[in-house]
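# Summary of structural features
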Amino acid sequence: CNLFMSTVGIIVYEAHANYFKAEKLLNIKTTFGERLDKQAPLVFILPSVIIILFFSIFPLIVSLFIALSRLKFVKGGVELKFIGFLNFKKLIFGSQQYHLLGTFDQLTPIGYIIISLFTLIIFVWFIRYFKSQKISITGSIGRIVVSGGMFFILLLTLINLTTPKGLPGSLVVTLVYVFIGVLVQFLVGLGLALLCVKKIRGRSFFRTVFFIPMMITPVGIAYVFRMLTDMNKGPFAPIVTWFGLAESSWEVIPWGARIAVMIGDAWQWIPFMFIVLIAGLESLPTEQKEAALMDGAGSWQIFRDITWPTLLPVSVTIILIRIIEAFKIIDLPNVMTNGGPGIATESLSLHSYFNWRTMDLSGSAAVGYLLLIVAVFICVSFVNLLKNRIELAHR
């Protein structure tokens, strides 16, 4: 409804704008009724603007005010007291730091090597940028902010995950779901799309089968994988017993629980990657491939020089959509592990939900806004980093 009204409003606005522009050029006098018609675009656009304000912007403003306040339930209603950024301070530097950021330890040699490699990549990236002719103050500041933010995220993740005494918080766990989960989903979806685009027997059947998981609700998928990973009564319990692993459980192993959640999430979202990528592959022109084959190019050369550059805009779009969705993951870790063991599988959305369930609405809103800030930063950085390549691909 909102999209329809916006479209109608834009069409009417353009028509009226063109009409009154022509009227001005021809010096045609207008009557009072015709002047009232000038307000018609506002009448058409106003309902959609009101809907956007009511359902999108207004809740954001209210939740921000709650995040900056202390909310208490009192007799007859609620009591709000403005406290500024104290809720955020408690999450980042205070008593809830372990829950959001985790516990820290000194970096291992592997961590120092990864940090050194990342620093070298950033240094080369800046050198290539300053050697180009498209240098601007905004671009330089943006690259400094992006590189600084990514360095902090990488450092935080390495300290939590690779050190002996480091324990990741909900922010690091969410980043694991986003980066590792989305990368695996994209690679598997791309591989399946490359297979099913070939002329193989039964490819229509496989396309249908691969698309089925998207029709199941996330809660249903969570319960399915909770049953599949049951070490005592699940369908794979006899195999587990045969290997002598019946006494162990993936639910008490942090990485086992995270991998189980990511497998369930991948099973649900690989079909989305697959169906979009296969549509992109089938829309590619065949003339360039045929010419490359005539010149003796191999399959890898065709994919690297023809298929991938053309498929890059589609790939960036679906990865961006999946990154946004992965930041909001809550169903699978809640149903499969309830965020455990400890907080090993707890995402930021689940963290916010747990705060809300304990009636800490201000803390829940603060976690939600931190999730919004991190998600927007990573998504904008991702698009800006690949913007030049996308423009080259379109050319």
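Refer to the structure above for everything that follows.
Residues numbered from 1 in each chain as written. Predicted model: local features only at pLDDT ≥ 70, side-chain atom pairs only at ≥ 80, totals over all residues. Heavy atoms only, no water.

### Describing helix α12 (residues 254-282)
Note the cut-off: Secondary structure elements are taken from DSSP: a helix is a run of H or I of four residues or more, a strand is a run of E of two residues or more, and numbering for both begins at the N terminus. What a helix should span is 1.5 Å times the count of its residues minus one. By definition, a residue's bend is the angle between the axes fitted to the seven residues ending there and the seven starting there.
With 29 residues, α12 should cover 42 Å at 1.5 Å per step; its first-to-last C-alpha distance of 41 Å lies within 8% of that length. Bending of α12 peaks at approximately 35° at the position of Gln268, with proline Pro271 no more than four residues after it.

### Some details on the packing of aromatic side chains
The condition that has to hold: Geometry of aromatic contacts follows a simple scheme: Phe, Tyr and Trp rings, the Trp one being its six-membered ring, pair when their centres are within 6.5 Å, and the pair is stacked under 30 degrees between planes, edge-to-face over 60, tilted otherwise. For the exposure calls, accessible area comes from a 1.4 Å probe over protein chains only, and a residue counts as buried if that area is under 20% of its type's maximum, exposed if over 50%, partly exposed in between. In this analysis the charged atom, NZ for Lys or CZ for Arg, is taken to sit over a ring once it is within 6 Å of the ring centre and within 35 degrees of the ring normal.
Scanning all chains against the criterion turns up 8 aromatic pairs. Between Trp269 and Phe272, the aromatic rings sit 5.8 Å apart at their centres with planes inclined by 90°, giving edge-to-face as the arrangement. Of this pair, Trp269 and Phe272 both sit in helix α12, 3 residues apart, which is roughly one turn of that helix. A relative accessible area of 16% means that Trp269 is categorised as buried. Looking at Phe272, the relative accessible area reads 14%, which means it is buried. By way of ring pairs, the aromatic residues Phe186, Trp300, Phe303 and Trp308 are connected into one cluster. Here the basic side chain of Arg258 rests over the ring of Trp255, its NZ or CZ set 4.8 Å away from the ring centre.

### Focus on the side chain of Asn355
Our working rule: Any pair of residues with heavy atoms lying within 4.5 Å of one another is described as a contacting pair.
Here Asn355 is to be found in helix α16 (residues 348-357). The contacts of Asn355, once residues within four sequence positions are left out, are Asp360, Leu361, Gly363, Ser364 and Val367.

Bear in mind that shape data such as this cannot, by itself, settle questions of function.
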